[in-house]
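This is what each chain is made of:
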Amino acid sequence: MYEQVSHSLLNEIMTRLNPEIKQQELRHFYTRLGANFYSIYSLFHLLYGERRDFDEQAQCLVEIMARQYINRSEKLKRKDIEREKDHNWFLSQKWVGMALYADGFAGDLKGLTDKVHYFQELGINMIHVLPILQCPVGKSDGGYAVSDYRTVDKKFGSNEDLCALSDALKQQDILLTLDVVVNHTSDEHEWAKRARNGEKKYQDYYYVFDNRKVPDMFEKTLPEIFPENSPGNFTYDEEMKKWVMTVFNNYQWDLNYSNPAVFIEMLDIILFWANQGADIIRLDAVAFLWKKIGSASQNEREAHLILQLMKDCCQVTAPGVLFIAEAIVAPVEIIKYFGEDAINAKECEIAYNATFMALMWDAVATKNASLLYQGLRSLPDKLARATWLNYVRCHDDIGLGFDDADIRAVDYDPVNHRKFLIDYYTGRFSDSDARGFPFGQNHATGDVRISGSLASLVGLEVALASEDPARIENATRHILLLHSLILSFGGIPLLYYGDEIGTLNDIDFLNDANKAHDTRWTHRPNFNWKKAELRHQSGTIEQQLFNTIKKMICVRKETHAFADFNNRELIHVENPHLFVFSRFDHSRILGSIVVVVNFDAHPQHLDLNHSQIRSALGHGDIKDLISGTTPAMFNGELVIPAYHYYWLSV
Ligand code: OTU
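Residues numbered from 1 in each chain as written. Predicted model: local features only at pLDDT ≥ 70, side-chain atom pairs only at ≥ 80, totals over all residues. Heavy atoms only, no water.

(A) Inspection of the packing of helix H4 (residues 54-71) against helix H13 (residues 260-275) at higher detail. Contact geometry of H4 with H13 gives a least axis separation of 10 Å together with a crossing angle of 10°. As judged from the angle between their axes, H4 and H13 are roughly parallel. Of the residues in H13, those in contact with Gln57, Cys60, Leu61, Ile64, Met65, Gln68 and Asn71 of H4 are Pro260, Ala261, Phe263, Ile264, Leu267, Asp268, Leu271, Phe272 and Asn275. Looking at side-chain class alone, the contact of H4 with H13 contains eleven nonpolar, four polar and one charged residues. (Axes fitted to C-alpha atoms, helices over the stretch in contact; angles between N-to-C directions. Helix = DSSP H or I, 4+ residues; strand = E, 2+ residues; numbered from the N terminus. Parallel < 35°, antiparallel > 145°, perpendicular 65-115°, else oblique. Contact = heavy atoms within 4.5 Å. Nonpolar A, V, L, I, M, F, W, Y, C, P; charged D, E, K, R; others polar.)

Given below as structure tokens:
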């Protein structure tokens, strides 16, 4: 039935389209719209079909797609077609990303454009520039409280500067990732201001209530995201004299996606940035897009429908553009943001692998890879045309979001184990060199997360203060070990700026009243270019880190088996300190790689006659691809030094 309705509606919409649009050359647009319309219509109808203005809204949706198609440059349209032909282009091992703040890394966007050589030197060819859109000073949540979605915040420069950056990156085949904060706006966004002024239309963009009745119902089941800084989920607005839903900070108003006008506005903004040259768009906090009384209002079915609809619409206007799902939720939930029961991603092509990230931190603290192995074994395979973003650190805290059943399966008690990890990383555990800070402490639930830079969390800060070369060596090995994992595991590795030179915690934020309450600022420093210069000076930690990571990136790019085609096998070994997996070339013609990482402080042995290792490597002389040398053997077994890693091949 849908099919018939959708067809006649499509025809109707087409005849009603603004004459100015009709005159344009829309051949590709029509073909793609035709191919996707059934799905777009069905989803739009599922979400908004009950509304009296449904037809009007559907018309509006198509007009937005058409207008943005017309605004899309010829260059970007050519890129779209190129990528449609090579539709698995982003699964290649050639991509290596870095996330950074334009101001913290290079002052502003112009400065960033001048630093392209740094990325090239290291081998980075995908940049995630953390949010750069206009935010109120002091109430910005690091860029995630946007007051104008179409204007670059002046502290970063101008929209023109962004276009210049985008062009400069394109010339060097470097991908640009930009954020669109889809779940909420700043309370100083025009929509919020007009809502506050009493305009009903804009109050309907948010969840606004006259009294505490509905808020109280919601709060029975809504968890708190920032319990210390912004307890509760609703904020009373004095001027409006109403309550508004604010799941994150009290100045971040949640958008109401049960209103199709909100969906259409946000789609328009996504397409706007696609047209400014973003290759990839990071959709923030996607798990939160649909609210339901009596639930945690995360991972609701409608949140997935909204993302599918966004993807289908983007497919019509800017099919070369990919989405990243930022859904820091339970392992089995994250993977659903690719879209369920599909082969190709039908929501976001890329998702943050928060599970892998948290599990690696578990292995570092315990010196034991059991939970890492167990947690990853429980993860279903990703879809064929979809990939992970693998990261060690990012601009956010580390949440210990692994599955309780997995924790029990390796014989730990979930509560005690998490407590141990928090103590370990916040330096409250006597045997730990880690120097992190607690974040988001919730006294009611006992939940805590962790802030801190990679280097400080693996003990480099303490080691340097102790001037003990052995401890310094242990810390640097950890930094490399963790990079060896994200670069080989399968997916796009996303480095975090400064980790490649061992950047320590920065406590300057404590002097800034707008930041002091949020420990995440400890790992959002100004990049220290003086320190970075030391990468060229022999014998420095910076050189050791930078050069080894650079080497790993280079080997990754040359190794087909590191492309992401579900071509990985976890290998169970008796020794719990070791984490082992194989990567095979998806054509199975070229050689396989066995990755082995030793999380322990002592050398460990690995029996290469293990059946899975043998079948991956075959017989012959083993070589470590990173060092290019033959690793040490003893009594027929491979010896992996303390905190060391190998990419083995024959
Ligand atoms: C995201 O964070 C951003 O990355 C944060 O920097 C923002 O503060 C936040 O949204 C609000 O815009 O929403 O789906 O553990 O991981 O807040 C997960 C806390 C998010 C963050 C969580 C995350």
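(B) Region of interest: the sheet that holds strand E20 (residues 593-598). The five strands lie next to each other as E18-E19-E20-E25-E22, forming an open sheet whose pairing is antiparallel. In this open sheet, the two edge strands, each paired with only one partner strand, are strand E18 (568-571) and strand E22 (623-624). Against the sheet, helix H17 (residues 370-377) makes contact with E18 and strand E19 (578-583), and its axis sits at roughly 140° relative to E18, the strand it touches most. Against the sheet, helix H22 (residues 469-486) touches E19, E20 and strand E25 (645-649), its axis set at about 40° to E25. (Pairing = 2+ DSSP bridges.)

(C) Expanded view of the pairing of strand E9 (residues 242-245). Taking every second residue as pointing to the same face, both faces of E9 are buried, with Lys242 and Val244 on one and Trp243 and Met245 on the other. Sheet analysis places strand E7 (residues 208-209) next to E9, joined by two bridges and oriented antiparallel. The residue bridging valine 208 from the neighbouring strand is valine 244, located in E9. Two elements, strand E8 (residues 234-237) and E9, share four bridges in a ladder whose sense is antiparallel. The residue bridging phenylalanine 234 from the neighbouring strand is methionine 245, located in E9. Linking two consecutive strands that pair antiparallel, namely E8 and E9, is a turn of four residues; a positive phi of about 60° is found at lysine 241 within it. (Buried < 20%, exposed > 50% of the residue type's maximum accessible area, 1.4 Å probe, protein only.)

(D) The state of the cysteines, seen in detail. Across all of its chains, the model carries zero disulfides by this definition. We note that cysteine 348 lacks a disulfide partner, and the nearest cysteine sulfur, in cysteine 314, lies 10 Å from it. You can call cysteine 348 buried: its relative accessible area is 0%. Cysteine 394 takes part in no disulfide bond, and the closest cysteine sulfur to it belongs to cysteine 348, at a distance of 17 Å. (Disulfide = S-S within 2.5 Å.)

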